[in-house]
Amino acid sequence: MALVAVHELLKKADQEDYAVGAFNANNMEIIQAIVMAAEMENSPVIMQASQGAITYAGLDYITGIVRIAARNSKVPVALHLDHGTDFDQVVRCFRSGFSSVMYDGSKLTLEDNIAITNRVLEMARPVGVSVEAELGKIGGTEDHVTVSEKEAMFTDPEEARYFVEKTGVDSLAIAIGTAHGQYQGEPKLDFDRLKIIRELTGIPIVLHGSSGVPDEAVRHAIELGVRKVNIDTNIREAFVATMRKVIAEKPDEIDPRKILGPAREAMIEMIRDKIRVFGSSGKA
Ligand code: G3H
Ligand code: 13P
Ligand code: ZN
């Protein structure tokens, strides 16, 4: 199958009330784990590459491996740029054949975010590429901020309505209490804010920083309109914990395949669990 656009996947998810998992892809084993898990669950799936992933692996490698995964797969696969903060990087991803991009202008003023998101949309629309934007600041668990400082960065519902009216973007990443990376305690999501933003914008909402969010909270967020759920940290944890275990058990092992193979298996199981929570099993 050719790469599919994320807005197509999210349209079906919206009609049938589930979310599509967006998993961060950094190397071949991760890409294989994502597509294998999606096939086992007969689920659509989004592979996303961050700017860091592109710097690490190379744009042509990422695009090349994901294209092969999609071509050989029985389920729909999308390739999405995660947190594109650099307009030129977004352009390079268009040229390389990504089927979706996130333009992350969340650190800009509202009007600058709108202006650059619109420039991205002008390029995306004629070629059918999907565009996700971010409003509010999602941040990381390592940003040592107080609860009130965190809430000050949450997405303002009225700004979200205005932003969507001025851009017509396909999906919106919002800040409602999740953060990138490993949580110290249990994250508290502002569901009322999510509900209002969804009602005011009417478009698919994207939940970032979803590793470590309890399954029940993710399910509730999906009931309220989240249609794309981003997972990276849980992949890193499954990958590295398994590698460490194998190396500890077999300190003399020098065949990377015997270390990376079990790591890939562990990622497949974790991703399958997530897909079931998101409700997209059987939706391919
Ligand atoms: O949202 C951030 C993602 O987890 C990507 O992280 O920039 O280290 O690749 P990265
Ligand atoms: P986590 O690493 O917290 O799962 O967040 C992933 C993400 O939001 C990628 O954009
Ligand atoms: Zn993110």
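An account of the accompanying structure is given in this report. (Residues numbered from 1 in each chain as written. Chains lettered and ligands numbered in written order. Predicted model: local features only at pLDDT ≥ 70, side-chain atom pairs only at ≥ 80, totals over all residues. Heavy atoms only, no water.)

Taken together, the neighbourhood of ligand 1 is formed by Asn24, Ser50, Asp82, His83, His180, Asp232 and Arg236. In the environment of ligand 1, an oxygen atom lies 3.3 Å from a nitrogen or oxygen atom belonging to the side chain of His83. Between ligand 1 and His180 there is a distance of 3.1 Å, counted from an oxygen atom to a side-chain nitrogen or oxygen. Within the complex, 67% of the 300 Å² of free accessible area of ligand 1 lies under protein. The residue makeup of the shell around ligand 1, split by class, is no nonpolar, 4 polar and 3 charged. (Near = heavy atom within 4 Å. Polar contact = N/O pair within 3.5 Å; in protein donor to acceptor, adjacent residues only side chain to side chain. Areas by Shrake-Rupley, 256 points an atom, 1.4 Å probe, with all protein chains shown as cover. Nonpolar A, V, L, I, M, F, W, Y, C, P; charged D, E, K, R; others polar.)

On the protein side, the zinc ion (ligand 3) has His83 (NE2), His180 (NE2) and His208 (ND1) as donor atoms, found 2.1 Å from it. Read in sequence order, the donor residues for the zinc ion (ligand 3) give the motif H-x96-H-x27-H. Of this pair, His180 sits in the loop between strand S6 (171-174) and helix H9 (191-201) while His208 sits in the loop between strand S7 (205-207) and helix H10 (215-223), placing them 28 residues apart in sequence. Classification of His180 by relative accessible area gives partly exposed; the value is 30%. (Donors = N, O, S within 2.8 Å, 3.2 Å for Na, K, Ca; no water. Helix = DSSP H or I, 4+ residues; strand = E, 2+ residues; numbered from the N terminus. Buried < 20%, exposed > 50% of the residue type's maximum accessible area, 1.4 Å probe, protein only.)

Before going further, it helps to spend a moment on the pattern of salt bridges. Opposite charge on two side chains makes pairing possible when the charged atoms of those side chains draw close. As enumerated under the stated definition, the model contains 21 salt bridges in all. In this structure, the salt-bridge partner of Asp255 is Lys258, at a minimum N-O distance of 3.7 Å. Asp255 sits in the buried class, given a relative accessible area of 15%. Two residues, Arg276 and Asp273, come together in a salt bridge whose shortest N-O distance is 3.0 Å. Taken together, the residues Arg276 and Asp273, both in helix H12 (residues 256-278) and 3 residues apart, mark about one turn of the helix. Of the residues examined, Arg276 reaches a relative accessible area of 43% and is grouped as partly exposed. Of the residues examined, Asp273 reaches a relative accessible area of 42% and is grouped as partly exposed. Here the salt bridges do not stand alone but share partners, grouping Asp14, Asp17, Arg198 and Arg227 into one network. (Salt bridge = Lys/Arg side-chain N within 4 Å of Asp/Glu carboxyl O.)

Taken together, the neighbourhood of ligand 2 is formed by 15 residues, with Asp82, Gly209, Ser211, Asp232 and Thr233 sitting nearest. Within the complex, 97% of the 310 Å² of free accessible area of ligand 2 lies under protein. Residue composition of the shell around ligand 2, by class: 2 nonpolar, 11 polar and 2 charged.

Within the largest apolar cluster, 76 residues are counted, with the highest numbers of intra-cluster contacts made by Phe23, Met47, Val77, Leu172, Ile271 and Phe278. Beyond its immediate chain neighbours, meaning those up to four positions away, Ile271 contacts Phe23, Ala33, Ile34 and Ala37. Residues Leu9, Leu10, Ala13 and Ile46 belong to the second largest nonpolar core, which totals 9 residues. (Core = buried A, V, L, I, M, F, W, Y, C linked by side-chain atoms within 4.5 Å. Contact = heavy atoms within 4.5 Å.)

Judged by which residues are buried, S6 turns out to be covered on both faces: Ser171 and Ala173 on one side and Leu172 and Ile174 on the other are all buried. Bridge count for strand S5 (residues 130-135) against S6 is 4 bridges, and the pairing is parallel. Note that in S6 the partner of Leu135 across the bridge is Ile174. In this fold, S6 hands off to H9, which returns the chain to S7; that crossover is right-handed. (Pairing = 2+ DSSP bridges. Right-handed = clockwise from strand over helix to strand, strands pointing away.)

Among the secondary structure elements, Ala266 is positioned in helix H12. In this structure Ala266 comes out as partly exposed when scored by relative accessible area, which is 23%. Once the C-alpha coordinates of Ala266 and Thr242 are considered, the two residues, 24 residues apart in sequence, prove to be 6.9 Å apart. With near-sequence residues (within four places) excluded, Ala266 lies in contact with Ala238 and Thr242.

Before going further, it helps to spend a moment on the packing of aromatic side chains. Aromatic ring pairs are defined here through the distance separating the ring centres and the angle between the ring planes. Under the counting rule described, the total for this entry stands at 1 aromatic pair. Ring geometry for Phe23 versus Phe278: centroids 6.5 Å apart, planes at 25°, classification stacked. Placement of Phe23 in strand S1 (residues 20-24) and of Phe278 in helix H12 is noted, with a sequence separation of 255 residues between them. When the ring centre of Phe87 is taken as reference, the NZ or CZ atom of Arg119 above it lies at 3.9 Å. (Phe/Tyr/Trp six-rings, centres within 6.5 Å; stacked < 30°, edge-to-face > 60°. Lys NZ or Arg CZ within 6 Å of the ring centre and 35° of its normal.)

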